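# Results of the structural survey
Next come the chains, spelled out residue by residue.
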Amino acid sequence: LVSVMIITMIFPLVLTQKEITLDAVMKSAKPTRNDEYLCSSHKLPANEELYITQYKAIADAGRAHHILLFGCDEPAVDSKTWHCGRICKSQEQILFAWAKNADPLVLPDGVGFRVGANTQIKYIVVQVHYVHPLPETFKISFSFNRQRYLAGIYLLLAYSVVIPGKSEKVHADISCQFKASGPIYPFGYRTHAHSLGRVITGYQVNGTYHRIGKGNPQWPQAFYPVEDKIVIKPGDYLTGRCTYNSTGRGRSTYIGATANDEMCNFYIMFYMDANTRLQYHSCAGNNFPSLIRNMPKDADVPLPP
Ligand code: IYT
Ligand code: CU
Ligand code: CU
């Protein structure tokens, strides 16, 4: 009854171009329950530096609720496939997110995630969230060519939040200073919360507020294109606000991993010069409360369902 996902990685088929097709065929895979999370790991060629420049054909996975791609130095589990609890042995890096009914986001020309030899990403782990226990087939293609710009992800998150029950508007706020050796150029954003999340907004602050994105976390939690082309410079501030509605719940809710808990995440997908170094790739907590007080008033105004 426990069937196995057959994962094959097909190495350069098209020889004119360095291209790898990561063909994750879950042949007669039988996720056994609703809302099951399955992970599979894919080792990258060990002696080559590679650039992920596109994620393709992900939308074929019609029965998956979401698919997340992570980069790992080493996967958490030795077998090729497992029920995801842990993703990587150490820190995982999110690389991409696809969600049901969302368009795949293609990276801009000349932009790639650097993976493979001499990087912290030696494996790709694909996490599939099955809505129904049905077999699934999908295909992810990567093009690997040296790129002028490197892609990266910066995460804003809140961690010490208590959402009281029976409350219509509860905020979780995030604020940090951006520290790096050069600017970053955001091109995508992703919001993530659980069932109480209503709206999540992220801004760049450099004297004035520039909205990077605003999303309803009940929409497919993919990466969406940024609203405006902005440049985040070292010394700028970043703020985020998650707004929850707990009127349907009689108890308090805390940050945590399960559906009974909540989260507050705003992901920024960006590109930068290859020699730019970021001090951190994430920002946790509300370190500059005055920036939150002055945030545009419409930050918590819900979006259409
Ligand atoms: C407590 C919390 O907010 N967890 C988030 C953010 C997070 C992402 C990564 C935390 C860690 C990570 O290594 I990548 I530590 C969280 O778990 N978010 C989920 C996925 O794990 C990415 C999500 O769907 O955004
Ligand atoms: Cu999902
Ligand atoms: Cu979560």
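Residues numbered from 1 in each chain as written. Chains lettered and ligands numbered in written order. Predicted model: local features only at pLDDT ≥ 70, side-chain atom pairs only at ≥ 80, totals over all residues. Heavy atoms only, no water.

What the protein chain contains, in helices and strands, is 1 helix and 22 strands. Put simply, 82% of the contacts in the protein chain that link residues at least 6 apart link residues at least 24 apart. Carbon and sulfur atoms provide 52% of the accessible area of the protein chain, an area that totals close to 14300 Å². (Helix = DSSP H or I, 4+ residues; strand = E, 2+ residues; numbered from the N terminus. Contact = heavy atoms within 4.5 Å. Areas by Shrake-Rupley, 256 points an atom, 1.4 Å probe, with all protein chains shown as cover.)

A few words now on the coordination of the copper ion (ligand 3). The copper ion (ligand 3) binds to the protein through H192 (NE2), H194 (NE2) and M263 (SD); the donor distances cover 2.0 to 2.2 Å. Donor residues for the copper ion (ligand 3), ordered by position in the chain, follow H-x1-H-x68-M. Residue H192 is classed as buried on the basis of its relative accessible area, which comes to 15%. Given a relative accessible area of 14%, H194 falls into the buried group. (Donors = N, O, S within 2.8 Å, 3.2 Å for Na, K, Ca; no water. Buried < 20%, exposed > 50% of the residue type's maximum accessible area, 1.4 Å probe, protein only.)

Let's shift gears to the site of ligand 1. Among the 13 residues in the neighbourhood of ligand 1, the closest are listed as Q91, E92, R190, N265 and Y267. A distance of 2.8 Å is found between an oxygen atom of ligand 1 and a side-chain nitrogen or oxygen belonging to Q91. Separating an oxygen atom of ligand 1 from a side-chain N or O atom of H192 is a distance of 3.4 Å. Elements with a minimum of two residues in the shell around ligand 1: β5 (64–72), β12 (149–157), β15 (185–192) and β21 (265–273). Looking at the shell around ligand 1 residue by residue, the classes come out as 8 nonpolar, 3 polar and 2 charged. (Near = heavy atom within 4 Å. Polar contact = N/O pair within 3.5 Å; in protein donor to acceptor, adjacent residues only side chain to side chain. Nonpolar A, V, L, I, M, F, W, Y, C, P; charged D, E, K, R; others polar.)

The buried fraction of β21 is high, at 7 of 9 residues. As defined by bridge partners, β12 adjoins β21 across 9 bridges and the pair is classed as antiparallel. Among the inter-strand pairings, Y154 is bridged to a residue of β21, identified as I268. Looking at chain direction, β15 and β21 are connected through 7 bridges and run antiparallel. Its bridge partner lying in β21, P186 is registered against F270. (Pairing = 2+ DSSP bridges.)

Turning our eyes to something else, we now look at the state of the cysteines. Each disulfide consists of a covalent bond between the sulfur atoms of two cysteine residues. Applying the stated criterion across every chain, the model contains 4 disulfides. With its sulfur 1.8 Å from that of its partner, C72 forms a disulfide with C88. Taking the sign of the S-S torsion, -80° for the link of C72 and C88, the bridge is left-handed. Within this pair, whereas C72 is found in strand β5, its partner C88 is found in the loop between β6 (81–83) and β7 (93–99), the two being separated by 16 residues in sequence. With its sulfur 2.0 Å from that of its partner, C242 forms a disulfide with C264. Every disulfide takes its handedness from the sign of the S-S torsion; for C242 and C264 that torsion is 85°, giving right-handed. Of this pair, C242 sits in strand β19 (residues 237–244) while C264 sits in the loop between β20 (253–254) and β21, and the two are 22 residues apart along the sequence. One exposure class covers both C242 and C264, and it is buried. Within the protein chain, bonded cysteines paired by disulfides and numbered along the sequence follow the pattern 1-3, 2-4, 5-8, 6-7. (Disulfide = S-S within 2.5 Å.)

So, about the coordination of the copper ion (ligand 2). With distances of 1.9 to 2.1 Å, the protein atoms coordinating the copper ion (ligand 2) are H65 (ND1), H66 (ND1) and H129 (ND1). Along the chain, the residues donating to the copper ion (ligand 2) are arranged with the sequence spacing H-H-x62-H. With a gap of 63 residues between them, H66 in strand β5 and H129 in strand β9 (residues 123–130) connect regions that are remote in the sequence. No difference in accessibility class separates H66 from H129, as the two residues are buried.

Looking now at the sheet that holds β5. Read from one edge to the other, the open sheet built from 5 strands follows the order β6-β3-β9-β5-β7, with strand pairing classed as antiparallel. Bordering the open sheet on either side are β6 and β7, each of which pairs with just one other strand. Taken pair by pair, the neighbouring strands of this sheet meet at an average axis angle of 20°, ignoring direction. Bridging between β5 and β9 involves 8 bridges; their strand directions are antiparallel. The partner of I67 across the bridge, within β9, is V128. (Axes fitted to C-alpha atoms, helices over the stretch in contact; angles between N-to-C directions.)

A word on the pattern of salt bridges. The final tally for this structure, using the stated rule, is 7 salt bridges. The partner of K122 in a salt bridge is D73, and the shortest N-O contact between them spans 3.4 Å. Residue K122 is found in the loop between β8 (111–116) and β9, and its partner D73 is found in the loop between β5 and β6; the two are separated by 49 residues along the sequence. D73 gets classed as partly exposed once you look at its relative accessible area, which sits at 33%. One salt bridge in this structure joins R211 and E227, with 2.9 Å as the shortest N-O distance. You can see R211 sitting in strand β17 (residues 209–215) and its partner E227 sitting in the loop between β18 (224–225) and β19, a full 16 residues away along the chain. When salt bridges that share partners are traced, they join R211, E227 and D298 into one network. (Salt bridge = Lys/Arg side-chain N within 4 Å of Asp/Glu carboxyl O.)

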